[in-house]
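Read off the chains here:
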Amino acid sequence: MRKLFTLIAILLFTVTLNAQTNRPSESVLDRFLRYVKIDTQSKEDQNKVPSTEKQLVLANLLAKELKELGAENVRVSEFGIVYATVPGNLPDNSKVPVIGLIAHMDTSPEVSGANVQPIIHKNYQGGDITLPKDTTQVISVAKNPDLKNLIGDDIITADGTTLLGSDDKAGCAEIMTMIDILRRNPQIKHGTIAIAFTPDEEVGGGIDKFDIKGFGAKFAYTVDGEELGEISNETWSARTATVHFQGKNTHPGTAKDIMVNSAYAAADFMTRFPQDMLPETTEGRVGFVHPYTGTLDAEESSVKILLRDFELSGLDAKEALIKEMARQTGLKFPKVKVTVEVKENYKNMKEVLKDYPQLTEYAMEATRRAGLKSHIRAIRGGTDGARLTFQGLPTPNLFTGGHNFHGKLEFNSVRGLEKSTETLVHLVRVFAEKGM
Ligand SMILES: [Zn+2]
């Protein structure tokens, strides 16, 4: 009975809270639509951060808007990273840890992000969505099972010629709208919040320039995930192996008994990959080995292989497998010198986050308060948060409502944007209530 009363009290409280919450000065949808129209595509293999100047257009705009929203300490670093602080409104802010919220401004180099024409498919009633400017681009129910959860929602897509840029302008718009809501609702109590918008997430350079100390957060979240309710506190542990095959080249006219063509050894090595251990044959929590590039030359050949697993023991086993494959090839081609070089890329952030279970619990609590079901998903990739986590800033990843990142079929929805924003508001409140 008492439980029931508590439940009713919480429900009433939530309802009145929502009723009394002043709306943001600009809806998260309008903000999102403004941001996606700014081309911020990043570029591979540039020796500078940001890799493209155009990312600074959004960086400077966000900085300007942060100031207008009352954020303090707003600055754009020499690398185009936007930092800001939202001061807490508690009697004693020092009792609550400073929480960071991070989103990235760039979009994937894979698909154009220029002239994005967002389309709102109002009151979606099920079925496939064909994009008007290229009717071969179809968001199908078969490939997007989450669509069935979006009936009645307004779905936002691009027109079929570009990506949408929800990854990660949804995160940018949601964080900005959260700040707007907090400013207009001083009754919502929260500690100090550190904000950062980063360039070059998609090309992996931006986070190297991140000033963790200057940022000032004790814990952080990247707001860069996918479907509503999905929280990630695990990434791959990742290594890259390079196998070198050293042969001997000479003029082919006089090569008899002298030439050792390394390409044959490389080809032999390629046949040894277990077919059930590849990216194209694995999913979920199963790791893979992925020979993704290489060189073929009579004198010297090489193959580069991504090794990915959620467990370090599994990663070790994959490294041992590659070394054994190389050894077997070496036995078959005794005149070719086969060597293996392995580099550590990043580790599963769970190795650190397991010591801070509250970060995941609070995010799940905030998700529930926003009226959503929460679930944990391990990311088959890396995140900027994983890098930060190992540099001393534990950083799990939160959903944004987005789907089909890095492609023309990318989409989000109005509810996706609104519920993600609401979750962020709840999250800072949960920290203020519970501390750490
Ligand atoms: Zn992203």
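The model shown is predicted, which means the values in this text are computed figures rather than measured ones.

**Brief notes about the overall build of the protein**
A count of helices and strands for the protein gives eleven helices and 17 strands. Radius of gyration (C-alpha) of the protein: 25 Å, near the 22 Å computed for a compact globule of 436 residues. Taken over the C-alpha atoms alone, the protein extends approximately 85 × 50 × 50 Å along its principal axes. Within the protein, contacts between residues separated by at least 24 positions form 80% of all contacts whose residues are at least 6 apart in sequence. When the accessible area of the protein is evaluated, it comes to approximately 20,000 Å², of which 52% is carbon and sulfur surface. The average position of the 52 basic charges and that of the 57 acidic charges among the side chains of the protein differ by 3 Å.

**Regarding the coordination of the zinc ion**
The protein atoms that coordinate the zinc ion are His104 (NE2), Asp167 (OD), Asp224 (OD) and Asp224 (OD), at distances of 1.9 to 2.6 Å. If you look at the zinc ion, its four donor atoms make angles of 53 to 146° with each other, and the shape they trace is irregular. Binding-site remark: the zinc ion is held by donors from one chain whose sequence spacing is H-x62-D-x56-D. In this pair, Asp167 sits in helix H4 (residues 166-184) while Asp224 sits in the loop between strand E9 (219-223) and strand E10 (230-231), placing the two residues 57 residues apart along the sequence.

**Looking at the sheet that holds strand E13 (residues 300-309)**
If you trace the four strands from one edge of the open sheet to the other, you get E12-E13-E11-E14, paired in antiparallel fashion. The outermost strands of the open sheet, each flanked by one partner alone, are strand E12 (288-295) and strand E14 (337-346). Each strand axis lies, on average, 20° off the axis of its neighbour in the sheet, ignoring direction. The pairing of E12 with E13 spans seven bridges and is antiparallel. Following the sheet pairing, His290 is matched in E13 by Leu306. Against the sheet, helix H6 (residues 262-270) engages strand E11 (237-246), E12 and E13, with an angle of about 20° to E13.

**As for the pairing of E11**
Here E11 lies mainly inside the structure; eight of its ten residues are buried. Note: E11 against E13, ten bridges, orientation antiparallel. Among the inter-strand pairings, Ala238 is bridged to a residue of E13, identified as Arg308. Of the pairings in the sheet, the one linking E11 to E14 comprises nine bridges and is antiparallel in character. Counted as the bridge partner of Thr242 is Glu341 from E14.

**A closer look at the pattern of salt bridges**
Working definition: two side chains of opposite charge can pair if their charged atoms are close together. Under the counting rule described, the total for this entry stands at 28 salt bridges. Note that Asp268 is salt-bridged to Arg272, the shortest N-O span being 2.9 Å. With a closest N to O distance of 3.0 Å, Glu324 and Arg327 form a salt bridge. With Glu324 and Arg327 both in helix H7 (residues 312-332) and three residues apart, the pair spans about one turn of that helix. Of the residues examined, Glu324 reaches a relative accessible area of 33% and is grouped as partly exposed. For Arg327, a relative accessible area of 47% puts it in the partly exposed group. Sharing partners across several salt bridges, the network here consists of Glu26, Arg31, Arg34, Glu65 and Asp180.

**Description of the packing of H4 against helix H11 (residues 414-434)**
Direction vectors running N to C along H4 and H11 enclose 55°, while the axes themselves pass 9 Å from each other. Relative to H11, the element H4 is oriented oblique. Our pair here, H4 against H11, has a crossing hand that is right-handed. Residues Ala170, Glu174, Ile175, Thr177, Met178, Ile181 and Leu182 of H4 pack against Gly416, Leu417, Ser420, Thr421, Leu424, Val425 and Val428 of H11. Among the residues making up the contact of H4 with H11, the classes are represented as nine nonpolar, four polar and one charged.

**Observations concerning the pairing of strand E2 (residues 82-86)**
Across the five residues that make up E2, a large majority, five, are buried. Side chains Val82, Ala84 and Val86 project from E2 onto one buried face, and the interleaved Tyr83 and Thr85 project onto a second face that is buried too. Turn length for the strand E1 (residues 72-76)-E2 hairpin, with the two strands adjacent in sequence and antiparallel, is five residues, and the turn residue Gly80 shows positive phi of about 80°. Bridge analysis of E2 against strand E8 (residues 193-198) gives five bridges, and the strand direction is antiparallel. For Val86, the partnering residue across the bridge sits in E8 and is Ile193.

**Remarks on helix H9 (residues 357-369)**
For H9, spanning 13 residues, the distance from its first C-alpha to its last is 18 Å, which sits close to the expected 18 Å at 1.5 Å a residue. Looking at H9, one finds that the buried residues are Leu359, Thr360, Tyr362, Ala363, Glu365, Ala366 and Thr367. Next to the buried residues of H9 lie E9, E10, helix H8 (350-353), strand E15 (375-376), strand E16 (397-398) and H11.

Cut-offs and rules
- Residues numbered from 1 in each chain as written.
- Predicted model: local features only at pLDDT ≥ 70, side-chain atom pairs only at ≥ 80, totals over all residues.
- Heavy atoms only, no water.
- Helix = DSSP H or I, 4+ residues; strand = E, 2+ residues; numbered from the N terminus.
- Rg over C-alpha atoms; globule rule 2.2 N^0.38 Å.
- Contact = heavy atoms within 4.5 Å.
- Areas by Shrake-Rupley, 256 points an atom, 1.4 Å probe, with all protein chains shown as cover.
- Lys, Arg positive; Asp, Glu negative; His and termini not counted.
- Charge placed at Lys NZ, Arg CZ, Asp CG, Glu CD.
- Donors = N, O, S within 2.8 Å, 3.2 Å for Na, K, Ca; no water.
- Tetrahedral: all angles 85-135°; square planar, octahedral: opposite > 155°, others 65-115°.
- Pairing = 2+ DSSP bridges.
- Axes fitted to C-alpha atoms, helices over the stretch in contact; angles between N-to-C directions.
- Buried < 20%, exposed > 50% of the residue type's maximum accessible area, 1.4 Å probe, protein only.
- Salt bridge = Lys/Arg side-chain N within 4 Å of Asp/Glu carboxyl O.
- Parallel < 35°, antiparallel > 145°, perpendicular 65-115°, else oblique.
- Left-handed = near helix turned anticlockwise from the far one by under 90°.
- Nonpolar A, V, L, I, M, F, W, Y, C, P; charged D, E, K, R; others polar.
- Expected span 1.5 Å × (residues − 1).

Honestly, that's just the spatial picture; any functional story needs more than this.
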